[in-house]
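Descriptive structure summary
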Amino acid sequence: MIMNSLYYQKKLSRNVGDKFFTSLSVFCALIAILPLIFVVTYILIKGGAQITPELFTLEPNPPGDDLDAGGINPALIGTLVITTIASIIAIPVGVGGGIYLAEYSNGGPFSKFIRFGVNVLAGVPSIIAGVFIYALIVSTKILFGSMYSGFAGGMALSILMLPTVIKTTDEGLKLVPNELRYASLGIGASMYTTILKITLPTAFRSIATGVVLGIARAAGETAPLIFTALFSYYYIVGFEDLFYEMGSLAVLIYNFALEPYDAQNKLAWAASFILVISILTVNIFSRIFAAFTEKTKRV
Amino acid sequence: MIKNTKKSQKKNILSLEDVSISYGTFEAVKNVFLNFKAGDITSLIGPSGCGKSTVLRALNRMNDLIPNCSLKGTVLFDGTNIYDKRVDPVEVRRRIGMVFQQPNPFPKSIYENIAFGARINGFTGDMDELVESSLRKAAVWSECKDKLNDSGYSLSGGQQQRLCIARTIAIEPEIILMDEPCSALDPISTLKIEETMHELKKNYTIIIVTHNMQQALRVSDMTAFFNAVEYEDGDGGKVGYLAEFDSTEKIFNSPKEKTTQEYISGKFG
């Protein structure tokens, strides 16, 4: 019988194979992360160069007349307004629905149906949400006779936020130990006091993280806004502007990137830069926030 | 160490009449008749799976929270069947408080842990005084008095459990149910909780589930021994029943049932 040496032998076929597959998987992992790195750096370089103070204050100029494209103020404010409208609709409904699923439902057919529906809704392409609101609000002029409006845009985005908010609320509440509920009910608290004062505050961290991620997702959507908020070159000055066409960063990028003029293309790059930076910031902020509240909670 | 109880003079505060409890189609306990007397500490003992915790949870309708759990028979409290359709379980739980197996303080300050229950019950008096007196009654005041604003989690397991007892006392219930309150605690904390129970006996009726027979012997006036038998149509499932109920002294010294004798002496369990 031949005794192999105990020392590591590079040439052994199993060791060669092992090395090969290790390098292959590292290689694939690198390729997977490459698009993110390229996209972010490319946008940071191309867009970062276009950032000027005027960008944040001026209206965009109509394409074609001169070399100066103006700023993106209406689109920036528009994105904020539309996302806020979407949050105002989606957060209460989503948190409420999540509370029903986690706290009140008894796993019967109705709650199964809702859970299934939420999962389907999460998979619905964003353009469908836009077309739906277009058919419901825009083409029917049901909202005070207005057609394309910031309000309709907010509603379309709220449809996209809803499943994220419901799911994270449902899952966040399910993580709260039952002992805490029993403790509260066992001293004579009613169901709603228990949820409001004990369960929701305990799950606040995960719900807040989910809501922030939902907002970040909605803020970058283009397709639903093309059908609902359309676009506007003009400053948002008052409440009634909610019921007219409203610009947004995503649609500005879509419109101006396709223009044949260099000035407009540069504006699109600048808007991309700002959109990417804001979404990155919101994501990072929500993680820091989560880590921070976790530390303070468990004394 | 068992006091002579003057059974006949105490009134029944809580009575179970022919109570059977099932989870879905599985019957956990059947045909229980049991009278709890005001001002007594009654312990429920028995092997695992005999349904003693199920019976305890039935006494303040905590079983409502378990899906598929149903109860037949009547549980009379203060002359009312608490399983009557018109009864509000929230009100029942306000008058029959519960302390659980695992210490479960709220993720709030020690002060708020006590104040929460009192506030939702409409307490309008001096909250500081109530917090102090509740913590004193639960024998945890000296450990807590300098850190009332710290989280309830900053206490040790035994202190947390006494905080939970204090929280229950603060709502001034008539009966306190305890589901193996010491099973997660060390012997010294256990001893302190038992001392607390002796103090509480002056004002409250206590019903305790315990696996620890020495504890039943030390703290309780009355003892109910539950046992489990296999179904007659035998597919291996077991159903719990009340085997014997008497003064703790009699249960431990001269039980009537053979199974009680065997359980007490450690032959099964």
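What counts as what
- Residues numbered from 1 in each chain as written.
- Chains lettered and ligands numbered in written order.
- Predicted model: local features only at pLDDT ≥ 70, side-chain atom pairs only at ≥ 80, totals over all residues.
- Heavy atoms only, no water.
- Helix = DSSP H or I, 4+ residues; strand = E, 2+ residues; numbered from the N terminus.
- Rg over C-alpha atoms; globule rule 2.2 N^0.38 Å.
- Buried < 20%, exposed > 50% of the residue type's maximum accessible area, 1.4 Å probe, protein only.
- Contact = heavy atoms within 4.5 Å.
- Areas by Shrake-Rupley, 256 points an atom, 1.4 Å probe, with all protein chains shown as cover.
- Axes fitted to C-alpha atoms, helices over the stretch in contact; angles between N-to-C directions.
- Left-handed = near helix turned anticlockwise from the far one by under 90°.
- Nonpolar A, V, L, I, M, F, W, Y, C, P; charged D, E, K, R; others polar.
- pLDDT = per-residue confidence, 0-100.
- Buried area = accessible area lost by both parts, 1.4 Å probe.
- Polar contact = N/O pair within 3.5 Å; in protein donor to acceptor, adjacent residues only side chain to side chain.
- Core = buried A, V, L, I, M, F, W, Y, C linked by side-chain atoms within 4.5 Å.
- Phe/Tyr/Trp six-rings, centres within 6.5 Å; stacked < 30°, edge-to-face > 60°.
- Pairing = 2+ DSSP bridges.
- Patch = residues over 30% accessible without salt bridge, like charges linked within 9 Å, V, L, I, M, F, W, Y side chains within 5 Å.
- Salt bridge = Lys/Arg side-chain N within 4 Å of Asp/Glu carboxyl O.

This part takes up the overall build of chain A. Counting its regular elements, chain A contains ten helices and zero strands. Listing every helix and strand of chain A by position from the N terminus yields α-α-α-α-α-α-α-α-α-α. Relative to its length of 299 residues, chain A is extended, with a C-alpha radius of gyration of 25 Å against a globular reference of 19 Å. Overall size of chain A, expressed as C-alpha extent along the three principal axes, is 90 × 65 × 40 Å. Relative to its full complement of 299 residues, chain A shows a buried share of 39%. Looking at chain A alone, contacts between residues at least 24 apart form 73% of all its contacts between residues at least 6 apart. In the structure as shown, chain A presents an accessible area of about 16600 Å², 71% of it carried by carbon and sulfur atoms.

A few words now on the packing of helix α6 (residues 178-186) of chain A against helix α7 (residues 191-219) of chain A. Residue and element names in this part refer to chain A. For the pair α6 and α7, the least separation of the axes is 10 Å and the interaxial angle reads 145°. For the pair α6 and α7, the sense of crossing is right-handed. Note on element contacts: α7 touches α6 through Met-191, Thr-194, Ile-198, Thr-199 and Thr-202, opposite Leu-180, Arg-181, Ser-184 and Leu-185. Of the residues assigned to the contact of α6 with α7, the class counts are four nonpolar, four polar and one charged.

Here we come to the confidence of the model for chain A. Looking at chain A, the pLDDT average stands at 88 and 96% of residues meet or exceed 70. Averaged pLDDT values over the elements of chain A bottom out at 82 in helix α10 (residues 262-297) of chain A and peak at 93 in helix α2 (residues 73-104) of chain A.

A separate point is the interface of chain B and chain A. Each side of the interface is counted separately: chain B has 23 residues, and chain A has 16 residues. Three residues stand out in chain B for area buried against chain A, namely Phe-106, Pro-107 and Phe-116 of chain B, and they jointly supply 24% of the buried area on that side. At the surface where chain B touches chain A, the tally comes to four residue pairs in polar contact (both at pLDDT 80 or more). Sorting the residues of the side of chain B that touches chain A by element identifies α2 (89-95), β6 (96-99), α3 (110-120) and α6 (157-170) of chain B as the ones contributing at least two each. Residue composition of the side of chain B that touches chain A, grouped by class: twelve nonpolar, seven polar and four charged.

Here we come to the side chain of Thr-210 of chain B. All names here are of chain B. Position of Thr-210 among the secondary structure elements: in the loop between β8 (205-209) and α8 (213-219). One polar contact links the side chain of Thr-210 to the main-chain amide nitrogen of Asn-212, over a distance of 2.9 Å. Within the structure, Thr-210 has its side chain in polar contact with the side chain of Gln-215 (distance 2.8 Å). Apart from the residues within four sequence positions on either side, Thr-210 is in contact with Ser-43, Leu-44, Ile-45, Lys-52, Glu-180, Gln-215 and Ala-216.

Further remarks concern the nonpolar core. One recurring pattern in soluble globular proteins is that nonpolar side chains are buried together. Residues and elements named next belong to chain A. Core analysis: the largest hydrophobic core is formed by 44 residues, its most contacted members being Ile-72, Leu-157, Leu-249 and Leu-252. Within the residue set of this core, elements represented by two or more residues are α2, α4 (126-138), α5 (150-174), α9 (249-257) and α10. Apart from the residues within four sequence positions on either side, Leu-157 is in contact with Ile-82, Ala-86, Ala-218, Glu-221, Pro-224 and Leu-225.

All names here are of chain A. Counting across every chain of the model gives 13 aromatic pairs over all chains. Consider the rings of Phe-151 and Phe-243, whose centres lie 5.8 Å apart with planes at 25°: the pair is stacked. Here Phe-243 lies in the loop between α8 (223-228) and α9 and Phe-151 lies in helix α5, a separation of 92 residues in the sequence. What makes Phe-151 partly exposed here is its relative accessible area of 25%.

Residues and elements named next belong to chain B. Relative to the helices and strands, Thr-196 resides in helix α7 (residues 187-200). Using a relative accessible area of 1% as the deciding quantity, one classes Thr-196 as buried. Spatially, the C-alpha atom of Thr-196 lies 20 Å from that of Arg-95, the residues being 101 residues apart in sequence.

Let us look at unusual backbone geometry. The backbone of Leu-230 of chain A shows a phi angle near 55°, a positive value even though the residue is not glycine. Summarising the element assignment, Leu-230 of chain A is placed in the loop between α8 and α9. Positive phi, normally seen in glycine, also occurs at Asp-78 of chain B, with a value near 55°. In this fold, Asp-78 of chain B is placed in the loop between β4 (69-77) and β5 (80-81).

With that settled, the discussion passes to the pairing of strand β1 (residues 12-23) of chain B. Side chains on a regular strand alternate between the two faces of the sheet. All names here are of chain B. Relative to strand β2 (residues 26-37), β1 is paired through eight bridges, and the arrangement is antiparallel. If you follow Leu-16 over to β2, its bridge partner there is Leu-34. The turn joining β1 and β2, which pair antiparallel and follow one another in sequence, is formed by two residues; a positive phi near 65° is taken by Gly-24. In this sheet, β4 lies alongside β1 in antiparallel orientation, the contact comprising eight bridges. Within β4, the residue paired with Glu-17 across the bridge is Thr-74.

Let's shift gears to a nonpolar patch on the surface. All names here are of chain A. On the surface, a nonpolar cluster with roughly 1200 Å² of combined accessible area is contributed by Phe-20, Phe-21, Leu-24, Val-26, Phe-27, Leu-30, Ile-31, Ile-33, Leu-34, Leu-36, Ile-37 and Phe-38. Take Leu-36: it is sitting in helix α1 (residues 13-48). For Leu-36, a relative accessible area of 54% translates into the label exposed.

Right, let's get into the environment of Glu-103 of chain A. Residue and element names in this part refer to chain A. Its place among the elements puts Glu-103 in helix α2. Looking at Glu-103, the relative accessible area reads 10%, which means it is buried. Considered as a pair, Glu-103 and Ile-195 are 92 residues apart in the sequence and their alpha carbons are 7.9 Å apart. The residues touching Glu-103, leaving out its near neighbours within four places in the chain, are Leu-173, Arg-181, Met-191, Ile-195 and Thr-199. Engagement of the side chain of Glu-103 in a polar contact is seen with the side chain of Arg-181, the distance being 2.8 Å.

Our focus in this paragraph is the pairing of β6 of chain B. Residue and element names in this part refer to chain B. Side-chain alternation along β6 places Ile-96 and Met-98 on one buried face and Gly-97 and Val-99 on a second face that is also buried. Here β6 pairs with strand β7 (residues 175-179) via four bridges, running parallel. The residue bridging Met-98 from the neighbouring strand is Leu-177, located in β7.

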